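Descriptive analysis of the structure
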Amino acid sequence: MFEFCFKMLFLYIWNLSDVGFCLVYISYGQITHIAKYRTEQPPPKLKFLFNPRNKNKSRNIHYSPAQIKNQNSSSKSLSTMNSISISISDEDDFPGRVRRPARPRRRKPSRTGRSGPLRRFKRAMKRWWPVLFLPAFVYLSFQASKRLNASPEPERDLIGREKEHEEESVGNLNRLDVVTRVVHGVREPCLKILSPEKLKNIDFPPISPPNSSLKQISYKSHEPCLQNNSTLNSQEGGRFNSFTGYPTLHQREESFKVKESAEVYCGFYCEKGGFEISEKDKNYMKNCKAVVSTCAFGGGDDLYQPIGMTNTSLQKVCYVAFWDEITRSAQEAQGKVIDENTMIGKWRIIIVSNLPFSDQRLNGKIPKMLSHRLFPSSRYSIWVDSKSQIRRDPLGVFESVLWRTGSVLGISEHGARSSLFEEAKAVVKKNKAGPQEVEAQLRQYRKDGMSEDRRFNGKKALSEASIIVREHNPSTNLLMCLWFNEVVRFTSRDQLSFPYVLRRLNLTQINMFPVCTRKDLVNSMGHKRKVKPLVRLDQSVE
C-alpha cells in the first residue's frame, strides 16, 4: 500500500514539473536514490515513454536495465532487474466507449506589447508621485507665506501703477519708427507714404464730379427751437433733441433710398440747439481746405502734438481740437494753457459751449462724424481719437490712403472681430452698452434684412473707427449723416451701426486699411481719465 501511494505521488509531481524531472530508483520496495537534473537535453540513454501533458491517456514509464546506473559513489552494486513498468490510467476504459478528444489549452493574449509603456508609466507615477509634486508644493507654500507676511501698501501700489502707465505712454509718445509687415515673404512698410522731398511739391487734386448717383445733398433745419434742449425719447426710440431734429422711422427708411438729391437730418437742426462756437472760431473753420481734428469732452484725455509734419502741410492743413470747459480746466491744471492766439502748439483750440447731450460720448460723435458741417469749405479731413497722437504728414496720408487707391473714405478696420453681431456680444460683455438697447438695435437691423456676412466687397465690414480719412463729397457726407443718426437712435457704439449704413448705401469706394496701417498713422496712448458726465441745471433740480 505504501509503495502504491508513493508511485501516485511521484506521478503527480512529475505532471506538475515544467523545468526538470526526477529519476526514481526503486530496489526491493525501498527508495535508493532520487536525483534532479536541470539540463536542456535529457540525460543520455534515458527513454521518455509518455507525454505528461496528455492527462486522459494512459501513461507508461519504462526503464531498461541499461538505463539503470549507479549515481551514488557509495553504492557498489545494483540489483538486476528485467524492467520496471508503471502503468496508470486516469479513468477506466470500458469496451465500446468513445473517448472525447482533449480540449486544447487556450492561451491568454499578451498585453505587454500593446500597453507596456503606459503600464510602466502608471507604475512609475504611483511610485514616484511624491517626488514629482514635492517641489511644486514647496514653491506654493513659499509664495503663500510671502503674501501672508507682506505688509499692505495700497497708496504705494496705486502710485506705482500710475507711474507705470505714464512710462508706457511716454514710451509711445513721439515715436516715428516705421511699422512694417511681411507680404509674400518680403517685409515692407504698412503705410507707403511719400518722402519729405516729394511731399513739399504735393497739392490737392482738381475737383472731379462725384461717381455716385447722388449729386447734391441738403440738411433739414427748423426755427425756432424749443425753449430747452432736453432730450426727447419718443415711442420710436432714440435720444433726439433740438440739435438733431426728430426723424421718424419712415423718414429714416426714406433717407437710405439714394437719388440724385437728398435732404436728411444731420445735426444743427436749429441755431440754438447746442454745440455753440464763437464767431471768431467759425470764421477760422470756414477757411480750412483740409483739416485734422480731435476732441476731448469731460476732461478725459490729454492733448498730444502732431509729429512728422512738413512745412507744406502746416501751411495747407488746419489742426483743430474741440474742448469744453471741463477739459480746459483739466489741461490748465497740467500746465497746458491756451495762448492769445487760441493755440497750444500746432493745435487750434476751439471751446464749445451748450453741448447737446448729457452723454459725453454722443457729444464726441459730432466733430467725429459731422466734420463737413463744421468745416463747410474743407475738401478733406482726418479724424483722430483723443487717445492717439498723429505722426504722419496729412498730405502724405491723403495721397496714400485716398488718392493712390481711388477711394473717398478710409477707415481703420477692427482688429479682433469682423461681424457687428459679434461686436454686439462683446459690447454687452464689457458693459459698454446695456443689453436691452443693443438687442433693440440688432432686432431692427434683422428686420431691415441686415446680413451676418463678415465681409463686404472682399474686406472687413466692421471698423475700429479711431481714424477716419475722407473726402467731403455728397456720398461720404450722406454716409456720415446717416451714421450719426443711427448712433443717436440706438447705442453710442458707432462700430455697431457703421456696417449697417455702409451696406444700405452700398458705398464701394472705401479703403478699410488694416491694423498695422493704423499703428503707423498714430501712436496710441490710451485713455487717461474717466470722462465726467455733463450735468444740466434742469436735470440737477429734482
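Residues numbered from 1 in each chain as written. Predicted model: local features only at pLDDT ≥ 70, side-chain atom pairs only at ≥ 80, totals over all residues. Heavy atoms only, no water.

1. Some words on the overall build of the chain
The secondary structure content of the chain amounts to 17 helices and 20 strands. The buried share of the chain, taken over its 542 residues, is 42%. Residue pairs in contact within the chain that sit at least 24 positions apart in sequence constitute 79% of those at least 6 positions apart. (Helix = DSSP H or I, 4+ residues; strand = E, 2+ residues; numbered from the N terminus. Buried < 20%, exposed > 50% of the residue type's maximum accessible area, 1.4 Å probe, protein only. Contact = heavy atoms within 4.5 Å.)

2. Considering the sheet that holds strand 13 (residues 380-384)
Spatially, 11-12-10-9-13-18-15-19 is the arrangement adopted by the 8 strands of the open sheet, whose pairing is mixed. Looking at which strands have only one partner, the edges of the open sheet turn out to be strand 11 (343-344) and strand 19 (510-513). Pairing analysis gives 4 bridges linking strand 15 (residues 409-413) to strand 19, with the strands arranged parallel. Looking at strand 19, one finds that Gly410 is bridged to Asn511. This element, helix 15 (residues 494-505), spans strand 15, strand 18 (463-471) and strand 19 of the sheet and lies at about 50° to strand 18. (Pairing = 2+ DSSP bridges. Axes fitted to C-alpha atoms, helices over the stretch in contact; angles between N-to-C directions.)

3. Describing the environment of Val487
Positionally, Val487 belongs in helix 14 (residues 474-489). Judged by its relative accessible area of 0%, Val487 falls in the buried class. Sequence-wise, Val487 and Arg239 are 248 residues apart; in three dimensions their C-alpha atoms are separated by 9.2 Å. Ignoring anything within four residues of it in the chain, the contact list for Val487 reads Arg239, Leu362, Lys365, Met369, Ser492, Asp494 and Ser497.

4. Let's talk about the state of the cysteines
Put plainly, a disulfide is one covalent bond tying together the sulfur atoms of two cysteines. Throughout the structure, instances matching the rule amount to 2 disulfides. Each sulfur of the disulfide joining Cys266 and Cys481 lies 2.0 Å from the other. With the S-S bond torsion at -75°, the cross-link from Cys266 to Cys481 turns out left-handed. One end of the pair, Cys266, is in the loop between strand 8 (261-264) and helix 6 (279-286); the other, Cys481, is in helix 14, and 215 residues separate them in sequence. (Disulfide = S-S within 2.5 Å.)

5. Thoughts on the pattern of salt bridges
The final tally for this structure, using the stated rule, is 21 salt bridges. Residue Asp494 is joined to Lys368 by a salt bridge in which the shortest nitrogen-to-oxygen separation is 2.8 Å. With a gap of 126 residues between them, Asp494 in helix 15 and Lys368 in helix 9 (residues 360-369) connect regions that are remote in the sequence. Grouping residues by exposure puts Asp494 and Lys368 together as buried. In this structure, Glu399 and Arg404 form a salt bridge, with 2.6 Å as the shortest nitrogen-oxygen distance. A relative accessible area of 14% means that Glu399 is categorised as buried. (Salt bridge = Lys/Arg side-chain N within 4 Å of Asp/Glu carboxyl O.)

6. A short note on the environment of Arg252
Checked against the element boundaries, Arg252 lands in helix 5 (residues 249-255). For the pair Arg252 and Val264, spaced 12 residues apart in sequence, the C-alpha to C-alpha distance is 8.7 Å. What Arg252 contacts, discounting residues up to four positions off in sequence, is Gln444, Tyr445, Asp448, Glu486, Arg489, Phe490 and Tyr500. Of note is the side chain of Arg252, whose polar atom sits 3.3 Å from the side chain of Asp448. (Polar contact = N/O pair within 3.5 Å; in protein donor to acceptor, adjacent residues only side chain to side chain.)

7. Describing helix 13 (residues 435-447)
Here helix 13 contains 13 residues, and its C-alpha end-to-end distance of 18 Å stays within 8% of the 18 Å for a straight helix at 1.5 Å per residue. Burial in helix 13 covers these residues: Val438, Gln441, Leu442, Gln444 and Tyr445. In an axial view of helix 13, the angular spread of the buried residues amounts to 160°, which keeps them on one side of the axis. Among the exposed residues of helix 13, those pointing more than 90 degrees away from its buried face are Pro435, Gln436, Arg443 and Lys447. Those residues of helix 13 that are buried lie in contact with helix 5, helix 12 (420-429), helix 14 and helix 15. (Expected span 1.5 Å × (residues − 1). Arc of directions from axis to C-beta.)

8. Remarks on the confidence of the model for the chain
On average, residues of the chain score 76 in pLDDT, and 68% of them reach the 70 mark or higher. The model gives residues 67-94 a pLDDT under 50, and that stretch makes 44 contacts with residues more than four places away or in other chains. Confidence over residues 536-542 falls short of pLDDT 50; this stretch has 10 contacts with residues more than four positions distant or in other chains. (pLDDT = per-residue confidence, 0-100.)

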